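Architecture and fold: a report
Below are the chains, spelled out letter by letter.
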Amino acid sequence: MIVPMKKATIIVQDKDAQAAVSKLRSLGILHVEHINPPQGPDINILKEDISLINTCLDSFRNAGIEMKEPAKDGFKDGDWKTKARHIIDLDKRYEQLLAYRHTLANQISEWQRWGDFDPEGINLLSKKGIYIRFLEIPQKRLGELPKGAIIKSIFSSGGLTRCMVVSQEKFETGFKELRPPHYSLSHLRRRFDETEKAIASLKEEIGGQAHFYSACLAIKAELEQEIVFREALSGMGNENSLSYITGYLPVDYSDSLRSKAKEEKWGIVIRDPGESDTVPTLLRNPRWVSIIKPVFKLLEVIPGYHELDVSPLFLIFLSLFFGMIIGDAGYGAVYFVLTFLAQRKFGRKSKDKKVFFLFYLFSSCAILWGVITGTFFGQEWYISAGMKPLIPVLNDTKYIQAFCFFLGAFHLTLAHAWQAVRKIPSLTALADIGWICVLWAAFFLAKTLILGDPFPAPVKWLIIVGISMAVLFSSPQKNILKMVLQGLANVALSLMNNFTDVVSYIRLFAVGLATVAIADTVNTLAANFGKSNMLVMALIIFMGHTINIILGPISVMVHGIRLNVLEFSSHAGLTWSGVSYRPLSDKAG
């Protein structure tokens, strides 16, 4: 559920402003709304410091340095900037050497087939009237070079000959001339070896500073907290000799703020937020529902304060979609084991274990769907072995397509039903009832047009009743003509969308079918090409199924989440325009 919020304003004397904000930070319940744009030299300095720390952290990552246990001394208050700049300078030198090594490698690769020669010797010969040039000439045109010139072919490729031409006179050839490097090949190779050693030495030196990676993270967190504090202080309103700060807090925290205000002798006003206020959203759900939070965090979406919290439905339907799209008990078991191993390795360091439980749920849904459809690392071998799925009808193409249409109509019906309940006692709730009728008419129409089923005669009344209710109650008003015209405009835009949204759920069938088809193809290839070589068979099976296992969650991201975030949300009137509740706090995160 979305937690109801209150809007609070705390008033203090100017001289007590900083102390008041500090105590509010310790309380950790007020989401600050700035009265004035937060700005000032101290804020700019803090942002520059964070930029410096971020660059330092990037330097560690660029060099491929893994984080080590923090050093006992760490960064002291006075020297962390010096240390950070030193690490950044090392990284810049490291990047320059990498670029120089790349240039040397290209030059060596380009000229090593020419052999070792001394460019300075070539320059000396040219001063004495002997000219040496390196040309790239089509093989058929070698005879066009001036007579008297000595031509030495070095190598040929792609119909072109690279040759050295020696002459006692300068001449124009019209052919591509290759400019030799400034140094000999042996010199370039020495430079390359020296650069390799310098790169290794620098990487080792940067690695020696890796103990300070954790310290950098800690300093960054402190700086970010300090910026939030300074912005809250700078963003306070001022009136005469008074300062005031405004923000939002959950309604059940109101008494705590009042008690603090009474204790500190602050002026305080707590009221309900207005319609124009940008109220932050705080979601509180049962533990079984809250495991969907990692998905919202990944997508960076949250419902608006005045919108619906669809977390329970999002979790239920996304889990079902995961099972249908993956559709393989073997793959589900792999996801389950990988989740278990990830939890064993990273679970102790992670304070929030919701993501592990979420993937246990997703994996279980894939296992369940695979069991009832008889799919274990493919389906053909299972059926060929004489085994039958628990629910054979789910392997019937026409049935599963009809089930997808039903699922779409049902899913979107829940969206409109939820909207209707929220709108009661307004007459606009009847418009959502009308759209529910249209959705089920779209379901039967999809079965007729795509699956060839007969169109039930009574469904036409669903269309008539549904459209009539949508037209009449979308924007009820006393002016009947205006009401009807606005209703018709809304229906004209939404009618086709309702049909296409129901049909779009067929993607669950199509993507799930593709997953099974790839698994069966992998098994067939392994059986055909690996008959005489078990190693080849094992390699094909491992590589093919691994690719399919990797692609599965990507398909869920693209299709399963889309059905929730776009199709369902548009029917539920959900714009995901919310602002997360982030109270001023002295705790990191």
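Residues numbered from 1 in each chain as written. Predicted model: local features only at pLDDT ≥ 70, side-chain atom pairs only at ≥ 80, totals over all residues. Heavy atoms only, no water.

**What about unusual backbone geometry?**
Note the following rule: Labels follow the DSSP assignment, with helices taken as runs of H or I lasting at least four residues and strands as runs of E lasting at least two, numbered in each case from the N terminus. Three exposure classes are used, based on accessible area relative to the maximum for each residue type with a 1.4 Å probe and protein chains only: buried under 20%, partly exposed in between, and exposed over 50%.
Put simply, Ile 424 and Pro 425 share a cis peptide bond, and its omega is 15°. Along the chain, the position of Pro 425 falls in the loop between α14 (397-423) and α15 (428-451). Backbone geometry at Glu 300 places phi at a positive 55°, although glycine is not the residue there. Along the polypeptide, Glu 300 turns up in the loop between α9 (293-299) and α10 (311-326). Here Glu 300 falls in the exposed class, since its relative accessible area comes to 72%. A positive phi angle, close to 55°, is found at Trp 576, a residue other than glycine. By the secondary structure assignment, Trp 576 is in the segment after α19 (534-571).

**Regarding the sheet that holds strand β6 (residues 176-177)**
Worth spelling out the cut-off: Strands pair, by our definition, only if DSSP identifies at least two bridges between them.
The four strands lie next to each other as β4-β5-β3-β6, forming an open sheet whose pairing is antiparallel. Across the chains shown, the open sheet's two edge strands, defined by having one partner strand only, are β4 (150-157) and β6. Here β4 runs beside strand β5 (residues 160-167); their pairing, made up of seven bridges, is antiparallel. Looking at β5, one finds that Ser 156 is bridged to Thr 161.

**Describing the layout of surface pockets**
Rules: Grid points spaced at 1 Å and placed over the protein atoms alone form the basis of the search, with a cavity being a set where a 1.4 Å probe fits but cannot get out and a pocket an open set showing protein on both sides within 12 Å along at least five of seven lines. Lining residues have an atom within 4 Å of a point. Grid points are joined across faces, edges and corners, and a volume is the space filled by probe spheres set on the points. Residue polarity follows a fixed list, in which Ala, Val, Leu, Ile, Met, Phe, Trp, Tyr, Cys and Pro are nonpolar, Asp, Glu, Lys and Arg are charged, and the others, Gly among them, are polar.
By volume, the second largest pocket is sized at about 400 Å³. In terms of lining, the second largest pocket is formed by 19 residues, of which the most central are Ile 122, Ile 132, Arg 133, Glu 177 and Arg 179. For the lining of the second largest pocket, the class distribution of residues is nine nonpolar, four polar and six charged.

**Here's the deal with helix α5 (residues 185-207)**
Selection criterion: Here a helix's expected span is defined as the number of its residues, less one, multiplied by 1.5 Å. Any two residues whose heavy atoms approach within 4.5 Å at even a single point are treated as in contact.
The end-to-end C-alpha distance of α5 is 33 Å, a good match for the 33 Å that 23 residues give at a rise of 1.5 Å each. What α5 keeps buried is the set Leu 185, His 187, Leu 188, Thr 195, Ile 199, Leu 202, Ile 206 and Gly 207. Where α5 is buried, its residues touch α2 (41-62) and α3 (80-111).

So yeah, pure geometry; function would need other evidence.
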